[in-house]
Amino acid sequence: MILGYVRIGTDTVKTHRTSYSISSLDHVDTDRPFRFAFGFFGVAAIGFVVAFSDLLYPVEIITIASVTAIFVFVGFQIGQLKFISRELISAKQGNVVWGDYKTLDRLRDEITPRIAASKKGASHARTQ
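Given the structure is predicted, the values throughout are model-derived calculations rather than measurements.

### Regarding the pattern of salt bridges
Here is step 1: Scanning the entire structure with this criterion turns up two salt bridges.
Here is step 2: Of the charged contacts in the structure, one is a salt bridge between R108 and D105, with a shortest N-O distance of 2.6 Å. Here R108 pairs with D105, and both are found in helix α3 (residues 101-127), just three residues apart, close to one helical turn.
Here is step 3: Its salt-bridge partner being D109, residue R108 comes within 3.3 Å of it at the nearest N-O pair.
Here is step 4: Under the relative-accessibility criterion, D109 is labelled partly exposed at 45%.

Structure (structure tokens):
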């Protein structure tokens, strides 16, 4: 699942916000920005349960553990695909697509060879 869309053409990448020329992109990057924050929440919640386990009811322990597991799972699933280029330096978040990390990583794997081919073609054209 992606929030918006990403369509990869022969020489452009279209997103729900804008279109990028593949030759102008330096590279694309995928990241899981909430992984550490949600992981920290998980460790803190488990620490809370361990510290106060003698005062908590079993239902409360199960609820805290379940919510913590959901947060950690979601933190590892949410990802962002970043388009990196010298031309895009001024656009802070305009060059980011949010969605499922696995889907975005697969898209990155599709776009990266096209960027490399456009750079090779550009450098090939300069030397001739």
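### Remarks on the pairing of strand β5 (residues 78-84)
Here is step 1: Bridge count for strand β4 (residues 27-31) against β5 is five bridges, and the pairing is antiparallel. Each residue of the ladder has a partner; that of D29, found in β5, is K82.
Here is step 2: Two elements, β5 and strand β6 (residues 96-100), share five bridges in a ladder whose sense is antiparallel. Bridge pairing in β6 places Q80 opposite W98.

### Description of the nonpolar core
Here is step 1: If you look at the biggest cluster of nonpolar residues, it comprises 13 residues, and the most contacted ones within it are V13, V28, L81, F83, V97, I111 and I115.
Here is step 2: Listed by contribution, the elements that provide at least two residues to this core are β5 and α3.
Here is step 3: For this core, the element with the most residues is α3, which contributes four residues.
Here is step 4: Beyond its immediate stretch of four places on either side in the chain, V97 contacts I2, L3, V6, T15, H16, G79, Q80, L81, F83 and L104.

### Let's talk about the sheet that holds β4
Here is step 1: Across the sheet, three strands lie side by side as β4-β5-β6; this open sheet has antiparallel pairing. Edge strands, defined here as strands with exactly one partner in the open sheet, are β4 and β6. Pairwise comparison of adjacent strand axes, ignoring direction, gives a mean angle of 20° for this sheet.
Here is step 2: Its contacts with the sheet place helix α2 (residues 58-77) against β5 and β6, and it is angled at close to 20° to β5.

### Observations regarding a nonpolar patch on the surface
Here is step 1: Residues F41, V67 and F71 make up a contiguous nonpolar surface patch of about 230 Å² in total accessible area.
Here is step 2: Counting through the fold element by element, F41 comes out in helix α1 (residues 35-51).
Here is step 3: Of the residues examined, F41 reaches a relative accessible area of 34% and is grouped as partly exposed.

### Quick notes on α1
It helps to recall that an α-helix has 3.6 residues per turn; residues three or four apart then point in one direction.
Here is step 1: With 17 residues, α1 ought to run about 24 Å at 1.5 Å a step, and its terminal C-alpha atoms sit 24 Å apart, in line with that.
Here is step 2: Along α1, the residues that are buried comprise G42, A45 and V49. All buried residues of α1 lie within an arc of 70° about the axis, which places them on one face of the element. The outward face of α1, more than 90 degrees from its buried face, is lined by the exposed residues F36, F40, V43, V50 and A51.
Here is step 3: The secondary structure elements touched by the buried residues of α1 are α2.

### Describing the packing of aromatic side chains
Here is step 1: Applying the stated criterion across every chain yields a total of six aromatic pairs.
Here is step 2: Seen from their ring centres, F34 and F38 are 5.6 Å apart, and the 20° between their planes marks the pair as stacked.
Here is step 3: Members of the aromatic cluster, joined through ring pairs, are F34, F38, F41, F71 and W98.
Here is step 4: Of note, R7 hangs over the ring of Y5, and the distance from its end group to the ring centre comes to 4.1 Å.
Here is step 5: Lying over the aromatic face of Y101, R32 brings its terminal NZ or CZ to 3.8 Å of the ring centre.

Conventions and cut-offs
- Residues numbered from 1 in each chain as written.
- Predicted model: local features only at pLDDT ≥ 70, side-chain atom pairs only at ≥ 80, totals over all residues.
- Heavy atoms only, no water.
- Salt bridge = Lys/Arg side-chain N within 4 Å of Asp/Glu carboxyl O.
- Helix = DSSP H or I, 4+ residues; strand = E, 2+ residues; numbered from the N terminus.
- Buried < 20%, exposed > 50% of the residue type's maximum accessible area, 1.4 Å probe, protein only.
- Pairing = 2+ DSSP bridges.
- Core = buried A, V, L, I, M, F, W, Y, C linked by side-chain atoms within 4.5 Å.
- Contact = heavy atoms within 4.5 Å.
- Axes fitted to C-alpha atoms, helices over the stretch in contact; angles between N-to-C directions.
- Patch = residues over 30% accessible without salt bridge, like charges linked within 9 Å, V, L, I, M, F, W, Y side chains within 5 Å.
- Areas by Shrake-Rupley, 256 points an atom, 1.4 Å probe, with all protein chains shown as cover.
- Expected span 1.5 Å × (residues − 1).
- Arc of directions from axis to C-beta.
- Phe/Tyr/Trp six-rings, centres within 6.5 Å; stacked < 30°, edge-to-face > 60°.
- Lys NZ or Arg CZ within 6 Å of the ring centre and 35° of its normal.

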